[in-house]
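Okay, here's what each chain looks like letter by letter:
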Amino acid sequence: MVNSGKARAHTNIALIKYWGKADEQYIIPMNNSLSVALERFYTETKVTFDASYEKDTLILNGEAVNDKESAKIRRFMDVVRERANTSMYAYIESENFVPTAAGLASSASAYAALATACNEALQMNLSDKDLSRLARRGSGSASRSIFGGFVEWEKGDSDKTSYSFPLDTNHWEDELAMIFVVINNQSKKVSSRSGMSHTRETSRFYQYWLDHVDADLTEAKAAIEVKDFDRLGEVFEENGLRMHATNLGAKPPFSYLVDESYQVMDIVEQCRAQNLSCYFTMDAGPNVKILVKKEHQQQVMEELCKVFDETQVLSSDITRSGVEIIE
């Protein structure tokens, strides 16, 4: 019997960062995090299970993936098989409408779409909460991509208690957008997983990060509740810079940021001096993301294009749509 499912999931950008795992196997984070979902960047994945298959096969953007990526997918599929109580292997066809491994969180949408497609194909009937838990086993940030809008990931302390949920924002997302300055669209030299593990284990600044991130989250949620854009922007800017500072305290130290990253930060600060509402953040990579009020989006992009090629300056609306099944 052939069992198929296809799903679309949007990627997300963390405003309050998740940095460091308390449990590597189950991907339990050291702290809660907060993200927004992006309309423009998403993954579509079709999964077909069949008793005749002898192994899992992943086709990404029309090509078979390398052995390293295949191993990650197969580990995740083993988790799926265990939960679904099946021994069938799968043929997976996935299209990423986001630069893979370029700091735009493509793994979030990829595993959220894969988990949802598996849930459909195997008729697992998982709730959104349990779907978030399943997606987390592939990539931590995928836990948040089950939902649209502003999403919090509750760290929990076990597989059952670590999951994401959407915040009630009274449609504030409709007034906001995100701009991306793609400085480097190649794969990162230091992956997110290895970077956060190395930092947690060796950085003299890591405890300072943990001591302040809960307060950042509380402040961000309070700002969202009253739609205070400047209050939100100030706290997530500080949070992102503090995360990157932990990497400089690692042994040996490392940095994802490059000269152009700091150049973008300067432009954002200059835009704010012109009363344009925008704030920056960076994940595990050199690219800079800028949350902006839609009314100022075009002006900020024009300022960035004075320095960077227009092909490097992208934008996306914030979407309130979570994962969806595609017929």
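Our subject is the structure listed above.
Residues numbered from 1 in each chain as written. Predicted model: local features only at pLDDT ≥ 70, side-chain atom pairs only at ≥ 80, totals over all residues. Heavy atoms only, no water.

## Some words on the environment of Asp168
Just so we agree on the cut-off: Note on conventions: DSSP H or I runs of at least 4 residues are helices, E runs of at least 2 residues are strands, and numbering of each starts at the N terminus. Counting of polar contacts relies on pairs of N or O atoms within 3.5 Å, with two restrictions inside protein: one atom must be capable of donating a hydrogen and the other of accepting it, and residues adjacent in sequence are counted only when both atoms are side-chain atoms.
Along the chain, Asp168 falls in the loop between β9 (163-166) and β10 (176-181). Sequence separation between Asp168 and Gly240 is 72 residues; the distance between their C-alpha atoms is 23 Å. Of the polar contacts made by the side chain of Asp168, one reaches the backbone nitrogen of Asn170; its length is 3.4 Å.

## Let's talk about a negative patch on the surface
Heads up, the rule is: Only residues above 30% relative accessible area that lack a salt bridge enter a patch, with like-charged residues linked at up to 9 Å and the nonpolar side chains Val, Leu, Ile, Met, Phe, Trp and Tyr linked at up to 5 Å. The method behind every accessible area is Shrake-Rupley, applied with a 1.4 Å probe, and residues are considered shielded solely by the protein chains displayed. Here, a salt bridge means any Lys or Arg side-chain nitrogen found within 4 Å of an Asp or Glu carboxyl oxygen. Lys and Arg are tallied as positive, Asp and Glu as negative. Neither His nor the chain termini are counted. Charge coordinates come from a single atom per side chain, which is NZ of Lys, CZ of Arg, CG of Asp or CD of Glu. Accessibility here uses a 1.4 Å probe with only protein chains present; expressed as a share of the type maximum, an area under 20% marks a residue as buried, one over 50% as exposed, and anything in between as partly exposed.
A surface patch of negative charge is lined by Asp228, Asp230, Glu234 and Glu238. A residue is classified by how much of its surface remains accessible, and Asp230, at 39% relative accessible area, is partly exposed.

## Here we look at the packing of helix α7 (residues 259-273) against helix α8 (residues 294-304)
Spelled out, the test is: Axis lines are fitted to C-alpha atoms, over the contacting stretch for helices. Their N-to-C directions set the angle, which ranges from 0 to 180 degrees. Put simply, angles under 35 degrees are roughly parallel, angles over 145 are roughly antiparallel, angles from 65 to 115 are roughly perpendicular, and the rest are oblique. What makes a crossing left-handed is the near helix being turned counterclockwise from the far one by less than a right angle; a clockwise turn instead makes it right-handed. Here a residue-residue contact requires only that any non-hydrogen atoms of the pair lie within 4.5 Å. For this classification, Asp, Glu, Lys and Arg are treated as charged, while Ala, Val, Leu, Ile, Met, Phe, Trp, Tyr, Cys and Pro are nonpolar and the rest, including Gly, are polar.
Running from N to C, α7 and α8 point in directions that differ by 135°, and their axes come no closer than 10 Å. Put simply, α7 runs oblique to α8. Considering only the axes of α7 and α8, their crossing is right-handed. In this structure, α7 contributes Val264, Ile267 and Cys271 to the contact, and α8 contributes Val300, Glu303 and Leu304. Taken together, the residues of the contact of α7 with α8 sort by class into 5 nonpolar, no polar and 1 charged.

## Thoughts on the side chain of Asn287
Summarising the element assignment, Asn287 is placed in the loop between β11 (278-281) and β12 (288-293). Judged by relative accessible area, Asn287 falls into the buried class, the value being 1%. Reaching out from Asn287, the side chain makes a polar contact with the backbone nitrogen of Ile183 at a distance of 2.7 Å.

## Points about the pairing of strand β7 (residues 89-97)
Consecutive side chains of a regular strand alternate in pointing toward one face of the sheet and then the other. Condition: Here the rule is simple: two strands pair whenever DSSP picks up at least two bridges between them.
Here β7 shows a buried face lined by Ala90, Ile92, Ser94 and Asn96 and an unburied face lined by Tyr89, Tyr91, Glu93, Glu95 and Phe97. In this structure, strand β5 (residues 57-60) lies alongside β7, joined through 4 bridges in parallel fashion. Pairing of Thr57 across the sheet is with Tyr91, part of β7.

## Examining the sheet that holds β10
Within the open sheet, the 4 strands sit side by side as β11-β12-β10-β13. Their pairing is antiparallel. Of all the strands in the sheet, the pair left with one neighbour each is β11 and β13 (313-317). Strand after strand, the sheet turns through a mean of 25° between neighbouring axes, direction not considered. Strand direction decides the pairing type here: β11 and β12, joined by 4 bridges, are antiparallel. By the bridge assignment, Cys278 is partnered in β12 with Val292. Against the sheet, helix α6 (residues 229-248) makes contact with β10, β11 and β12, and its axis sits at roughly 20° relative to β11, the strand it touches most. Its contacts with the sheet put α8 on β10, β11, β12 and β13, and the angle it makes with β12 is roughly 140°.

## Considerations on the nonpolar core
For clarity, the cut-off: Buried Ala, Val, Leu, Ile, Met, Phe, Trp, Tyr and Cys residues form a nonpolar core when they are joined through side-chain atoms within 4.5 Å.
Ranked by internal contacts, the top residues of the largest apolar core, which has 42 residues, are Leu15, Trp19, Phe150, Met178, Leu232 and Leu291. At the level of secondary structure, the elements contributing two or more residues to this core comprise β1 (3-16), β4 (33-50), β8 (150-154), β10, α5 (206-225) and α6. The biggest single contributor to this core is α5, with 8 residues. With residues up to four places along the chain from it excluded, the contact list for Leu15 reads Leu34, Ser35, Val36, Phe150, Met178, Leu232, Phe236, Asn239 and Leu291. One finds Ala7, Leu58, Ala112 and Ala121 within the second-largest nonpolar core, a separate group that totals 32 residues.

## Here's the deal with the environment of Pro29
Here Pro29 lies in strand β3 (residues 28-29). Taking the C-alpha atoms as reference points, Pro29 and Gly140, 111 residues apart in sequence, are found 7.7 Å from one another. Beyond its immediate stretch of four places on either side in the chain, Pro29 contacts Tyr18, Gly20, Lys21, Ala22, Trp153, Lys155 and Ser162.

## Comments concerning the side chain of Thr45
Looking at where Thr45 falls in the secondary structure, it is placed in strand β4. Only 2.9 Å separates the side chain of Thr45 from the side chain of Ser94, close enough to count as a polar contact. Excluding its chain neighbours within four sequence positions, the residues that come into contact with Thr45 are Gly5, Lys6, Ala7, Ile92, Glu93, Ser94, Ala110, Ala113, Leu114 and Ala117.

## Brief notes about the pattern of salt bridges
Inspection of every chain in the model, using the stated rule, returns 19 salt bridges. A salt bridge links Arg8 to Glu324; the nearest nitrogen and oxygen atoms lie 3.4 Å apart. With Arg8 in strand β1 and Glu324 in strand β14 (residues 324-325), this residue pair connects regions lying 316 residues apart in the sequence. Of the residues examined, Arg8 reaches a relative accessible area of 21% and is grouped as partly exposed. The partner of Arg81 in a salt bridge is Asp78, and the shortest N-O contact between them spans 2.9 Å. Placement of the pair is Arg81 and Asp78 together in helix α1 (residues 67-84), with a separation of 3 residues, close to one helical turn. Overall, Arg81 belongs to the buried group, its relative accessible area being 7%. Within the structure, one salt-bridge network assembled from shared partners comprises Arg83, Asp130, Arg133, Arg136 and Asp159.

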